[in-house]
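Letter by letter, the chains look like this.
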Amino acid sequence: MPRQVILTRREVFSSSHRLFSDSLSLEENKKVYGKCINSHGHNYTLEVSVKGEVNPDIGMFMNITELKEVIKTEVMDKLDHKNLEEDVPELKGIVTTTENLSIFIWDQLYKHLKNFLYEVRILETENNFVVYRGE
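Residues numbered from 1 in each chain as written. Predicted model: local features only at pLDDT ≥ 70, side-chain atom pairs only at ≥ 80, totals over all residues. Heavy atoms only, no water.

A.B. asks: When you look at the overall build of the protein in this model, what are you seeing that I'm missing?
C.D. replies: When helices and strands are counted, the protein shows 4 helices and 5 strands. Helices (α) and strands (β) of the protein occur, in sequence order from the N terminus, as β-α-β-α-β-α-α-β-β. When its C-alpha atoms are laid out on the principal axes, the protein stretches across 60 × 25 × 25 Å. Considering only intrachain contacts with a sequence separation of at least 6, the fraction spanning at least 24 residues in the protein is 67%. Total accessible area on the protein is roughly 8200 Å²; 49% of this is exposed by carbon and sulfur atoms. (Helix = DSSP H or I, 4+ residues; strand = E, 2+ residues; numbered from the N terminus. Contact = heavy atoms within 4.5 Å. Areas by Shrake-Rupley, 256 points an atom, 1.4 Å probe, with all protein chains shown as cover.)

A.B. asks: Explain the pairing of strand E2 (residues 40-53) here, please?
C.D. replies: Each regular strand shows side chains that alternate between the opposite faces of the sheet. Note: strand E1 (residues 4-17) against E2, 14 bridges, orientation antiparallel. Bridged to Phe13 within E2 is Tyr44. Judged from the 6 bridges that link them, E2 and strand E4 (residues 117-123) form a sheet pairing that is antiparallel. Along E4, the bridge assignment pairs Glu47 with Arg121. (Pairing = 2+ DSSP bridges.)

A.B. asks: Which parts of the structure should I look at to understand the sheet that holds strand E3 (residues 82-83)?
C.D. replies: Within a sheet, each strand pairs with its neighbour through backbone hydrogen bonds, oriented either parallel or antiparallel. If you trace the 5 strands from one edge of the open sheet to the other, you get E3-E1-E2-E4-E5, paired in mixed fashion. Looking at strand neighbours, the two that pair on one side only are E3 and strand E5 (129-132), the edges of this open sheet. Across 2 bridges, the pairing between E1 and E3 is parallel. Counted as the bridge partner of Ser15 is Lys82 from E3.

A.B. asks: Quick question: what am I supposed to make of unusual backbone geometry here?
C.D. replies: With the exception of glycine, the majority of residues adopt a negative phi angle, and the majority of peptide bonds are in the trans configuration. Positive phi outside glycine occurs at His81, with the angle close to 60°. Following the sequence through the fold, His81 ends up in the loop between helix H2 (64-79) and E3. Unusually for a residue other than glycine, Lys114 sits at a positive phi of about 40°. With respect to the helices and strands, the residue Lys114 is situated in the loop between helix H4 (98-113) and E4. Residue classification places Lys114 among the partly exposed positions, given a relative accessible area of 43%. (Buried < 20%, exposed > 50% of the residue type's maximum accessible area, 1.4 Å probe, protein only.)

See below:
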């Protein structure tokens, strides 16, 4: 009987951003985002989980090296040591909350991982994190 497992790869990247919505006034932005309307940075911890049936002949469903390479090219190379609003064209005009960042990362990875992709989890701080499962 095939068995499904979840495989998770963790990476850390540093990015700067500011939380500001062009559809809100300055006062509304201050009220919603507080001090985060100013540019600041985070050392984000990213956890990407994939799910699949273990192939009994090779003992895995995905080679972790392949997963690592997809994360490197689709996430790390695009986001690490970048200003999210200025350096990442796909994020221009989007409020770069961790929620929106998790959706962006999902979309980048899904192109390559399709039905294997199970979850994107981003820790913005040790106390705050977002989970996105493509829903």
